[in-house]
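This is what each chain is made of:
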Amino acid sequence: LHFAMRWLYSTNHKDIGMLYLIFAFFGGLVGTGLSVLIRLQLATTGTGILQNNGQLFNVIVTGHGVIMLLFMVMPALFGGFGNYLLPLMIGAPDMAFPRLNNISFWLNPFGFLLLLVSTLVEQGAGTGWTLYPPLSVQGSGSSIDLAILSLHLNGLSSILGSINVLVTAKGLRAPGMSLIQIPLFVYSMVFTAILVILSVPVLAAALIMLLTDRSLNTAYFVDSGDLLLYQHLFWFFGHPEVYILILPAFGLISSIISFFSNKPVFGVTGMICAMGAIGLVGFLVWAHHMYVVGMDLDTVAYFTSASMIIAIPTGMKVFSWMATAYAGKVYFSVPMLYAFGFLALFTIGGVTGVVLANAGVDTAVHDTYYVVAHFHYVLSTGAVFAIFAGMYFYSNLMFNLGYDENKGTVQFLLFFLGVNLTFFPQHFLGLAGMPRRMFDYADAFTGLNLLSSYGALVSFTSLLYAGTVFTPAPALYQNRTSTSLEWLLPATPAFHTFSEVPVLRVA
């Protein structure tokens, strides 16, 4: 009973951060399982393991997308690392609103449950994670309604968590900690929280209209309504959402590269401004997801240029990370390997993003596997690599676990090989014209699809292997150069840290 009370009712940011990470772990298992099913179906042409059941394939694709984005990456980076590290890094005793923190976690398992249940009623929600009408309005049965409610709960959780983050960062900073001394991870959380608060309500509005179109015979999107209105609303949320997913990863990578280069991050002010610029411009580019709907030429020209401009602050961050390592004395531990893997592969994803920003190119490869390859390079080898880097880096602080450096390196190399084998061939499939969200394909695409499916199995193997890497162990890193507060605490910090508020003084 005491155990249940502690974890159900906990208002402690460390407990809630751990709950988020455990939840993200389970979400990741389900999402990865679904992705392996997708790749097994697409390993060869013909019937496949799904017996030509296209609706089931679409349900799996939808579930994989929503789970990986909203029930794995967000809870891990924003909820898990965010909750655990934010108060520690600014010298706060806890988050500003501890009980709000509790509810914003517990909304998530129920949202997840609704999504899983939606796959079991009627035919399941086979709309793709974007839920475009008219399919999402005409789809009969309750499955789509359940999926929509699931997104609502997740969005509410994100908004409440973000309010908490902003008030904590503003109000509970240690005396003497100037703006330039706040760690980059904290800045990344603040910018992410602002993006959530500005974008998620727009999704909520779109989903409400979708629900009334489905159940109350309104015509926001169907009949006399405007189909494209939904796409504009959705992507006005959807594009900032991808920056919501990656900004906390940027913060973690900054901490890790700085730590293992034995040097502060190069150009901290520039890094902060770059995150701000990414957040700002991220709101001004949403229609680059919609080049093929028939916008007029001026609109298309604007969205092309604005989308390309995002590459500037992002490139600035990449070069600053490289400069940090170049000038430092680098120690290649497993978190650093993941950070460097992140740099290389995230940059590939960024380059294909600049390619897709061009309306002319995008109209040719829209809804092909080129797009799939692009966003998996920024998410699968970007956000997920950052999660792994953070898990290896903070395993000691959070869970009192060490890891075997050799095993960890093998796990990294396997995963690196797996994700590249999975997603690199998809660029070529896309350029050759293979469409997304299809359960069967022309025989010409067999070779690259088989390669891609082998890669998925390699990645899956490396995830299983990751389970053998961690062991209970004493502290791994001797901290002499860290510039943030969390390393002043013992491994697995006390239940209440900073009960006496730390005061920062410039030496």
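Structure's up top.
Residues numbered from 1 in each chain as written. Predicted model: local features only at pLDDT ≥ 70, side-chain atom pairs only at ≥ 80, totals over all residues. Heavy atoms only, no water.

### A closer look at the overall build of the chain
Of the regular secondary structure elements, the chain holds 16 helices and 2 strands. What you see for the chain is a C-alpha radius of gyration of 22 Å, in line with the 23 Å of a compact globule of 507 residues. Taking the principal axes of its C-alpha atoms as reference, the chain extends roughly 65 × 55 × 50 Å. When the 507 residues of the chain are sorted by exposure, 56% land in the buried category. Long-range pairs, those at least 24 residues apart, make up 84% of the contacts in the chain between residues at least 6 apart in sequence. Carbon together with sulfur atoms contributes 71% to the accessible area of the chain, which is approximately 20,400 Å² in total. Between the mean site of the 15 positive side-chain charges and the mean site of the 18 negative ones, the chain shows a separation of 18 Å. (Helix = DSSP H or I, 4+ residues; strand = E, 2+ residues; numbered from the N terminus. Rg over C-alpha atoms; globule rule 2.2 N^0.38 Å. Buried < 20%, exposed > 50% of the residue type's maximum accessible area, 1.4 Å probe, protein only. Contact = heavy atoms within 4.5 Å. Areas by Shrake-Rupley, 256 points an atom, 1.4 Å probe, with all protein chains shown as cover. Lys, Arg positive; Asp, Glu negative; His and termini not counted. Charge placed at Lys NZ, Arg CZ, Asp CG, Glu CD.)

### A look at the packing of helix H8 (residues 227–260) against helix H14 (residues 369–399)
Their axes nearest at 9 Å, the elements H8 and H14 cross at an angle of 45 degrees. With respect to H14, the axis of H8 lies oblique. Judged by the sense of rotation from one axis to the other, the crossing of H8 with H14 is left-handed. Side by side, H8 and H14 meet where Leu245, Ile246, Ala249, Leu252, Ile253, Ser255, Ile256, Phe259 and Phe260 of the first sit next to Val378, Leu379, Gly382, Ala383, Ala386, Ala389, Gly390, Phe393 and Tyr394 of the second. A per-class count over the contact of H8 with H14 returns 15 nonpolar, 3 polar and no charged. (Axes fitted to C-alpha atoms, helices over the stretch in contact; angles between N-to-C directions. Parallel < 35°, antiparallel > 145°, perpendicular 65-115°, else oblique. Left-handed = near helix turned anticlockwise from the far one by under 90°. Nonpolar A, V, L, I, M, F, W, Y, C, P; charged D, E, K, R; others polar.)

### Here's the deal with the nonpolar core
One finds Phe81, Leu85, Trp321, Tyr338, Phe342 and Tyr394 to be the most contacted residues of the largest nonpolar core, which totals 150 residues. Counting residues per element, this core draws most heavily on helix H3 (residues 54–90), which supplies 22 residues. (Core = buried A, V, L, I, M, F, W, Y, C linked by side-chain atoms within 4.5 Å.)

### Observations concerning the pattern of salt bridges
Per the stated rule, a full pass over the model turns up 3 salt bridges. Between Asp15 and Arg6 there is a salt bridge, with its nearest N and O atoms 2.7 Å apart. What makes Asp15 buried here is its relative accessible area of 2%. Exposure remark for Arg6: the relative accessible area of 34% places this residue in the partly exposed category. We note a salt bridge from Asp145 to Arg214, for which the minimum N-O separation is 2.8 Å. Here Asp145, found in helix H6 (residues 143–171), pairs with Arg214, found in helix H7 (residues 184–215); they are 69 residues apart in sequence, far enough to count as distant. We note that Asp145, like Arg214, is buried. (Salt bridge = Lys/Arg side-chain N within 4 Å of Asp/Glu carboxyl O.)

### Observations concerning the packing of aromatic side chains
For the coordinates displayed, the defined rule picks out 50 aromatic pairs. Between Tyr230 and Phe234, the ring centres sit 5.9 Å apart and the planes meet at 25 degrees, which makes this aromatic pair stacked. One end of the pair, Tyr230, and the other, Phe234, are both in helix H8, 4 residues apart, so they sit about a helical turn from each other. The residues Tyr230 and Phe234 share a single accessibility class, namely buried. Ring centres 5.6 Å apart and planes at 45 degrees place the aromatic pair Phe412 and Phe416 in the tilted group. Residue Phe412 and its partner Phe416 are located together in helix H15 (residues 405–431), separated by 4 residues, close to a single helical turn. Here a set of aromatic residues connected by ring pairs shows up, and it is made of Tyr338, Phe385, Phe388, Tyr392, Tyr403, Phe412, Phe415, Phe416 and Phe470. Directly above the aromatic system of Trp7 lies the positively charged group of Arg6, at a separation of 4.6 Å from the ring centroid. (Phe/Tyr/Trp six-rings, centres within 6.5 Å; stacked < 30°, edge-to-face > 60°. Lys NZ or Arg CZ within 6 Å of the ring centre and 35° of its normal.)

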